[in-house]
Amino acid sequence: MTGRDCGTRLLNGLPCAPMKKKRIAILTGGGDCPGLNAVIRAAVRTAINDHDFRVLGIQLGFEGLLTGSAVPLTAESIRGILPKGGTLLRTTNRGNPFSYPGPDGTLEDRSRLVVDNVRKLGIDGIIAIGGDGTLKIAQKLCDLGVPMVAVPKTIDNDLASTDYTFGFMTAVEVATDAVDRLHTTAESHDRVMILEVMGRDAGWIALHSGIAGGADIILIPEIPYRPEAIANTIRERQREGAKFDIIVVAEGALRQDGEVTYLDKASRRLGGVAYQVAAEIAQQIDLEIRVTVLGHIQRGGSPIPYDRLIATQFGKAAADLIADGKFGRMVALRGEQIVDVPIRDAISNMKLVDPEGQLVSTARSLGVSFGDGR
Ligand code: F6P
């Protein structure tokens with residue numbers, strides 16, 4: 001039996017102290033997203049099978065690194081999680097160690113506690129799976145010497161440096177299904193149906209599901225709209241014989257002279273722009289309007305196969321990054337290749353829809369209005 005097989009080194013043929021296995025940790029931060037469990041499963045399997053690592057799961061994102069809340073992740077504990085939505089490790093938008101609410105509510109820097117806990121837990125590398133906020137924290141911890149690698153996640157698909165984030169295509173599928181369903185009821189009642197989908201800063205979900213579902217009007221944050229232009233499109237379509245209209249609006253869409261619509265401004269929770277658009281055009285058209293807000297249905301449930309594939313490749317690649325000591329790097333999709341890029345690059349700017357790009361131009365050629373015309 002070799003030293004590696006039995007965990008015992010041989011020195012000049014004599015057994016010496018057992019070789020300590022490396023220990024890595026995985027955490028999920030920010031909002032959840034279909035495919036997180038697929039990343040965890042792939043990272044754990046690769047870590048154990050290819051690198052002989054032990055793996056810890058940190059619960060509730062960076063919060064778990066503050067409280068030392070960790071559980072062992074084994075081949076057994078990750079069995080069966082591939083098709084499941086959500087995250088086995090749970091997650092939170094709170095728990096930023098650099099800006100943590102103290103007992104009196106003022107924000108404190110507790111990052112030193114994270115550094116100490118990482119050392120106490122004997123962690124040799126951490127895989128942080130998250131969006132913009134999580135990656136910014138990961139980079140700052142990396143700057144303090146915490147060995148971090150990252151996996152990009154968001155249904156909004158707005159992270160730079162990667163072609164797609166897993167979860168996005170699942171959200172697009174859910175939204176497209178909603179557009180299809182709204183078509184049949186809109187058609188039966190001669191109504192304008194407005195579907196509000198997620199997309200805080202970027203309109204990728206609205207654009208993809210709008211085109212895939214054959215929407216008539218798509219409103220996205222990157223192309224501010226005018227209510228008069230929306231009403232004109234609806235009237236023009238009526239003159240051409242159309243009796244109903246489907247509008248897909250991203251939650252972060254805004255009027256040319258307006259602001260984004262918050263459900264709760266203090267916490268910056270978006271929501272309600274579809275109702276605002278409905279109110280803005282109601283007096284200008286003679287069709288009934290109904291609003292559907294899709295909400296977190298887009299984030300829940302089982303990932304589609306495409307997202308499982310990207311997530312699985314990301315999970316494997318992240319475990320490999322730790323094995324190679326490539327800290328401060330994020331796995332990313334470029335074409336069909338999984339590559340790694342500096343986390344710093346991924347958080348330097350957002351990937352927004354190009355208003356002059358191919359997808360928008362294709363939609364316009366098909367007669368889709370972005371609410372920005374006359
Ligand atoms: O960032 C992804 C996202 O789904 C946004 O599109 C949306 O505004 C936000 O998360 C909702 O977050 P929460 O779960 O906190 O309501």
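Remember, it's a predicted structure, so these values are computed and weren't measured experimentally.

### Description of the domain arrangement of the chain
- Splitting the chain by domain gives domain 1 (3-166 + 303-335) and domain 2 (169-299 + 354-365).
- One C-alpha centre belongs to domain 1, the other to domain 2, and the line joining them spans 36 Å.
- Residue-level contacts link 13 residues of domain 1 with 14 residues of domain 2.
- When domain 1 packs against domain 2, the two sides together hide about 1,100 Å² of surface, and 58% of this comes from carbon and sulfur.
- Considering only the surface of domain 1 that becomes buried against domain 2, Ile155, Asp156 and Ile304 emerge as the three largest contributors, covering 46% of it.
- As a salt-bridge pair, aspartate 32 and arginine 299 come within 3.0 Å of each other at their nearest N and O atoms.
- Among the residues making up the side of domain 1 that touches domain 2, the classes are represented as 7 nonpolar, 2 polar and 4 charged.

### Looking at the packing of aromatic side chains
- Counted according to the given criterion, the structure contains 3 aromatic pairs.
- With 5.9 Å between their ring centres and 15° between their planes, tyrosine 164 and phenylalanine 168 make a pair best called stacked.
- When its relative accessible area of 0% is taken as the criterion, phenylalanine 168 is described as buried.
- Aromatic pair phenylalanine 166 and phenylalanine 314: ring centres 6.4 Å apart, planes at 70°, arrangement edge-to-face.

### Quick look at the pattern of salt bridges
- Tallying each qualifying case throughout the model produces 21 salt bridges.
- Linking aspartate 177 and arginine 181 is a salt bridge whose minimum nitrogen-to-oxygen distance equals 2.9 Å. With a gap of 4 residues between them, aspartate 177 and arginine 181 both fall in helix 6 (residues 168-189), about one helical turn apart.
- Here aspartate 177 falls in the partly exposed class, since its relative accessible area comes to 36%.

Conventions adopted
- Residues numbered from 1 in each chain as written.
- Predicted model: local features only at pLDDT ≥ 70, side-chain atom pairs only at ≥ 80, totals over all residues.
- Heavy atoms only, no water.
- Domains from an automatic or database assignment.
- Contact = heavy atoms within 4.5 Å.
- Buried area = accessible area lost by both parts, 1.4 Å probe.
- Salt bridge = Lys/Arg side-chain N within 4 Å of Asp/Glu carboxyl O.
- Nonpolar A, V, L, I, M, F, W, Y, C, P; charged D, E, K, R; others polar.
- Phe/Tyr/Trp six-rings, centres within 6.5 Å; stacked < 30°, edge-to-face > 60°.
- Buried < 20%, exposed > 50% of the residue type's maximum accessible area, 1.4 Å probe, protein only.
- Helix = DSSP H or I, 4+ residues; strand = E, 2+ residues; numbered from the N terminus.

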